[in-house]
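Take a look at the letters that make up each chain.
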Amino acid sequence: MPEITPNAPRLRPARLEDLDVVLPWAPDAEAMRMWAGPTIGFPVARQQFWENLHHVTGEAFVLCAAARDEIVGFGQVMHREDDFAHLARIIVSPTRRGEGLGRTLCRELLRVAPRFLSVRAFSLYVYPENVRARALYRSLGFVDTREERGFLRMEKPGLDLK
Ligand SMILES: CC(C)(COP(=O)(O)OP(=O)(O)OC[C@H]1O[C@@H](n2cnc3c(N)ncnc32)[C@H](O)[C@@H]1OP(=O)(O)O)[C@@H](O)C(=O)NCCC(=O)NCCS
């Protein structure tokens, strides 16, 4: 039986207008780079960001705090290579960090990915200096693999959730 927790934050597919809430969470070029990588400029128009999200096979989601339908997180799962589902663009509202929402967001993304992607393992890229994000990913079972183009690639074998 699934757990019934009516006030737990929940995922829903992202909509274009959600970007009006989410994009200001990266308020400068460095924050944008750390979140979305080097190819997204700053500032970025929401339409351009949206199109960039949809260059790939996958889905983007927002995490909503159920009580007020407040958007508190955003992330993307996409197909990259082999049977890897790749997590990207993970971010939590700056006013809500440190409450466990990043972990909830990632766990939910890992849980839903097999519904729309053929997946046997997960991967992601993170800047080595992003200590907070790396600690989060490690706590979910991701391990460091190798550096690629200035990023650290982390992988999580299997589909079990921590
Ligand atoms: C990375 C990010 C998503 C984490 O979200 P969060 O909601 O603050 O994370 P959580 O509260 O769920 O914390 C989960 C774990 O992350 C780590 N963590 C959280 N805050 C931390 C901090 N200040 N310092 C070090 N590690 C930290 C811990 O391992 C923590 O687990 P613990 O509470 O059991 O110790 C958030 O900081 C963020 O949006 N950063 C900006 C965007 C970004 O860099 N995204 C990653 C792109 S790869």
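Please read all numbers here as calculations on a predicted model, not as lab measurements. (Residues numbered from 1 in each chain as written. Predicted model: local features only at pLDDT ≥ 70, side-chain atom pairs only at ≥ 80, totals over all residues.)

Student: Where do I start with the overall build of the chain in this structure?
Tutor: Along its length, the chain carries five helices and seven strands. Walking the chain from its N terminus toward its C terminus, one meets helices and strands in the order β-α-α-α-β-β-β-α-β-α-β-β. Here the C-alpha atoms of the chain give a radius of gyration of 15 Å, agreeing with the 15 Å that 2.2 N^0.38 yields for 162 residues. C-alpha atoms of the chain, sized along the principal axes, occupy 45 × 40 × 30 Å. (Helix = DSSP H or I, 4+ residues; strand = E, 2+ residues; numbered from the N terminus. Rg over C-alpha atoms; globule rule 2.2 N^0.38 Å.)

Student: Before we go on, may I ask you to explain the site of the ligand in this structure?
Tutor: Close contacts around the ligand come from 20 residues, with Arg97, Gly102, Arg103, Ala135 and Leu136 the closest. Broken down by secondary-structure element, the contributors of at least two residues to the shell around the ligand are α2 (29–36), β4 (84–92), α4 (101–116) and α5 (131–139). With six residues, α5 is the largest single contributor of residues to the shell around the ligand. Class assignment of the residues belonging to the shell around the ligand gives a composition of eleven nonpolar, five polar and four charged. (Near = placed C-beta within 6 Å. Nonpolar A, V, L, I, M, F, W, Y, C, P; charged D, E, K, R; others polar.)

Student: Explain the nonpolar core here, please?
Tutor: In a soluble, globular protein the nonpolar side chains are often hidden away together inside. The biggest cluster of nonpolar side chains holds 38 residues, and the ones touching the most others in it are Leu87, Leu109 and Leu124. Of all the elements, β4 adds the most residues to this core, at seven residues. Every residue in contact with Leu87, bar those within four places of it in the chain, is listed here: Gly75, Val77, Cys106, Leu109, Phe122 and Leu124. (Core = buried A, V, L, I, M, F, W, Y, C linked by C-beta atoms within 7 Å. Buried ≥ 20, exposed ≤ 12 C-beta atoms within 10 Å, placed from the backbone. Contact = placed C-beta atoms within 7 Å.)

Student: I keep staring at the environment of Leu53 and nothing clicks. Help me out?
Tutor: You can see Leu53 is positioned in helix α3 (residues 46–53). With 89 residues separating them along the chain, Leu53 and Phe142 place their C-alpha atoms 23 Å apart. In this view, Leu53 contacts Ala60 and Gln76; residues no more than four positions away in its chain are not counted.

Student: Just to check I follow, could you spell out α4 for this structure?
Tutor: Every α-helix winds through 3.6 residues per turn, so residues three or four apart in the chain are directed the same way. For α4, with 16 residues, the first-to-last C-alpha span of 23 Å sits near the 22 Å given by 1.5 Å per residue. Considered for burial, the residues of α4 that qualify are Gly102, Leu105, Cys106, Glu108, Leu109, Leu110 and Ala113. Among the structural elements, β1 (10–13), β2 (58–65), β3 (70–79), β4, β5 (121–126) and α5 are those in contact with the buried residues of α4. (Expected span 1.5 Å × (residues − 1).)

Student: Explanation requested: the sheet that holds β2 in the structure shown.
Tutor: Two orientations exist for strands paired in a sheet by backbone hydrogen bonds: parallel and antiparallel. Overall, mixed pairing links the seven strands, which are arranged β1-β2-β3-β4-β5-β7-β6 in an open sheet. Each edge of the open sheet is held by one strand with a lone partner, namely β1 and β6 (143–148). Direction aside, the axes of adjacent strands within the sheet are offset by 30° on average. Where β1 meets β2, four bridges bridge the pair, whose relative direction is antiparallel. Looking at β2, one finds that Pro13 is bridged to Phe61. (Pairing = 2+ DSSP bridges. Axes fitted to C-alpha atoms, helices over the stretch in contact; angles between N-to-C directions.)

Student: What should I look at first to understand the pairing of β3 in this one?
Tutor: Two faces make up the sheet, and in a regular strand the side chains alternate between them. Buried residues dominate β3, accounting for seven of its ten residues. Relative to β3, β2 is paired through eight bridges, and the arrangement is antiparallel. Bridge pairing in β3 links Val62 to Phe74. Alignment of β3 against β4, held across six bridges, turns out to be antiparallel. Residue pairing across strands places Gly73 opposite Val92, the latter belonging to β4.

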